[in-house]
Amino acid sequence: MNIIKDAKRIVVKIGSSTLTHENYRMNLRRIEAIARVLSDFRNAGKEMVFVSSGAISAGVAKLGLERRPKATEEKQAVAAVGQSELMKIYEHFFGMFGQNVAQILLTRDIMENPVARKNAENTFATLLRMGCIPIVNENDSVSFDEIEFGDNDTLSAYVSVLCHADALIILSDIDGLYDSDPHKNSDAKLISTVAKVDDTILGYAGGAGSNRGTGGLITKLHAAEIVTGNGIPMFIVNGQNPEILYDLFEGKHVGTYFMSN
Ligand code: GLU
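Computed from a predicted model, the values in this text were never measured in an experiment.

1. Considerations on the overall build of the protein
If you tally the helices and strands in the protein, you get 11 helices and eight strands. Radius of gyration (C-alpha) of the protein: 17 Å, near the 18 Å computed for a compact globule of 261 residues. For the C-alpha atoms alone, the extent of the protein along its principal axes is close to 45 × 40 × 40 Å. The burial tally for the protein puts 54% of its 261 residues in the buried class. Counting contacts in the protein only where the partners sit at least 6 residues apart, residues at least 24 apart contribute 73% of the total.

2. Concerning the sheet that holds strand β5 (residues 167-172)
On the basis of which strands lie adjacent, the open sheet formed by eight strands has the order β3-β4-β2-β1-β5-β7-β8-β6 and mixed pairing. With one partner strand each, in any of the chains shown, β3 (101-106) and β6 (193-194) form the two edges of the open sheet. Pairing geometry for β3 and strand β4 (residues 133-138), over six bridges, is parallel. Along β4, the bridge assignment pairs V101 with I133.

3. What to know about the pairing of strand β2 (residues 47-52)
With respect to burial, β2 is a largely interior element, six of its six residues being buried. Residues of β2 alternate between two faces, with E47, V49 and V51 on one and M48, F50 and S52 on the opposite face, all of them buried. Taken together, the six bridges between strand β1 (residues 9-14) and β2 define a ladder with parallel strand orientation. Across the sheet, the residue bridging to I10 is M48, located in β2. By the bridge criterion, two bridges tie β2 to β4 in an arrangement that is parallel. Pairing of V51 across the sheet is with V136, part of β4.

4. Quick look at the layout of surface pockets
What the second largest pocket holds in volume is close to 160 Å³. For the second largest pocket, the full set of lining residues is M1, N2, I3, I4, F235, L248, G251, K252, H253, V254 and Y257. Residues belonging to the lining of the second largest pocket are distributed by class as follows: seven nonpolar, three polar and one charged.

5. Some thoughts on the side chain of N137
Within the secondary structure, N137 is located in strand β4. Within the structure, N137 has its side chain in polar contact with the side chain of Q83 (distance 3.0 Å). Setting aside its immediate chain neighbours within four residues, N137 contacts S52, S53, A55, Q83, I104, L105, L106, N152 and L155.

6. Digging into the nonpolar core
Across soluble globular proteins, you tend to see nonpolar side chains buried next to one another. In this structure, I4, F50, Y90, F94, I169, L171 and L245 are the most contacted members of the largest nonpolar core, which totals 43 residues. With eight residues, helix α5 (residues 72-96) is the single largest residue contributor to this core. Not counting chain neighbours up to four residues away, the residues in contact with I4 comprise I10, F41, K46, A167, I169, F235, L248 and F249. Counting 40 residues, the second-largest nonpolar core is a separate cluster that includes V11, I104, L177 and V227.

7. Section: the pattern of salt bridges
Using the criterion set out here, one finds 13 salt bridges in the structure. The salt bridge involving E32 is made with R36; its shortest N-O contact spans 3.6 Å. Placement of the pair is E32 and R36 together in helix α3 (residues 28-43), with a separation of four residues, close to one helical turn. Given a relative accessible area of 23%, E32 falls into the partly exposed group. Linked by salt bridges that have partners in common, K13, D153 and K220 make up one network.

8. A closer look at the environment of A165
In this structure, A165 sits in the loop between α8 (152-162) and β5. Taking the C-alpha atoms as reference points, A165 and G231, separated by 66 residues in sequence, lie 9.5 Å from one another. With residues near it in sequence (within four places) discarded, A165 still touches R9, V11, S160 and I232.

The rules behind these values
- Residues numbered from 1 in each chain as written.
- Predicted model: local features only at pLDDT ≥ 70, side-chain atom pairs only at ≥ 80, totals over all residues.
- Heavy atoms only, no water.
- Helix = DSSP H or I, 4+ residues; strand = E, 2+ residues; numbered from the N terminus.
- Rg over C-alpha atoms; globule rule 2.2 N^0.38 Å.
- Buried < 20%, exposed > 50% of the residue type's maximum accessible area, 1.4 Å probe, protein only.
- Contact = heavy atoms within 4.5 Å.
- Pairing = 2+ DSSP bridges.
- 1 Å grid on protein atoms, 1.4 Å probe; cavity = no way out; pocket = protein on both sides within 12 Å on 5 of 7 lines; lining within 4 Å.
- Points joined across faces, edges and corners; volume = space filled by probe spheres on them.
- Nonpolar A, V, L, I, M, F, W, Y, C, P; charged D, E, K, R; others polar.
- Polar contact = N/O pair within 3.5 Å; in protein donor to acceptor, adjacent residues only side chain to side chain.
- Core = buried A, V, L, I, M, F, W, Y, C linked by side-chain atoms within 4.5 Å.
- Salt bridge = Lys/Arg side-chain N within 4 Å of Asp/Glu carboxyl O.

Honestly, that's just the spatial picture; any functional story needs more than this.
Okay, here's the thing in structure tokens:
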């Protein structure tokens, strides 16, 4: 069995640190590559949903700020600027490869309200039926503690469930899950398959991620718990070269594979 080759509907998530340079500006080479590969998967007959961070980073760059703001209202304003910038760039690159994209911004309360949830589910299903690639982010400009996903790993897990996806692929800035921090320990081993996210696995996660995103490994493991518990397998692979998605397609064992339960 080849999970990605056989999957009809795939959610791909990419984080801010993979999409942007250290100065917060967009990494156009990488964005071009991800748009090309996702478009190619679409051309091959797959339904693709893309969960993209980067709104705050794009806003920081566009407004010429030195760093990501800390105050909530500033973050929300910067995200509003950055989200439209992000979609402009995606329109451009996905358009170049002949695809129609659609923006969906979600907050967590949608998952808890059956009517809102059903509506979101229908919108995804309809967009996919129309051949579009939905591009999803948290609605950062209006979300606050009680209604936020908080990070896009968690968001991508819920989106996978909402879309009834066959697989979730998280493109990260690391090769996968290691048994200890590979930046600190040269003997750290990549875990290639996780049958169940248990306490030992959670113990491998360490702390938060980069200063451009909000995730880290722990949020990815929580995402894995959500999707695998809903029968959806998940992969964490290094997004530095988005062509790694072709390796998964060809059944090569790259990154960390989380088996569905
Ligand atoms: N939604 C945030 C953004 O677009 C990113 C959240 C995350 O990095 O997990 O900037």
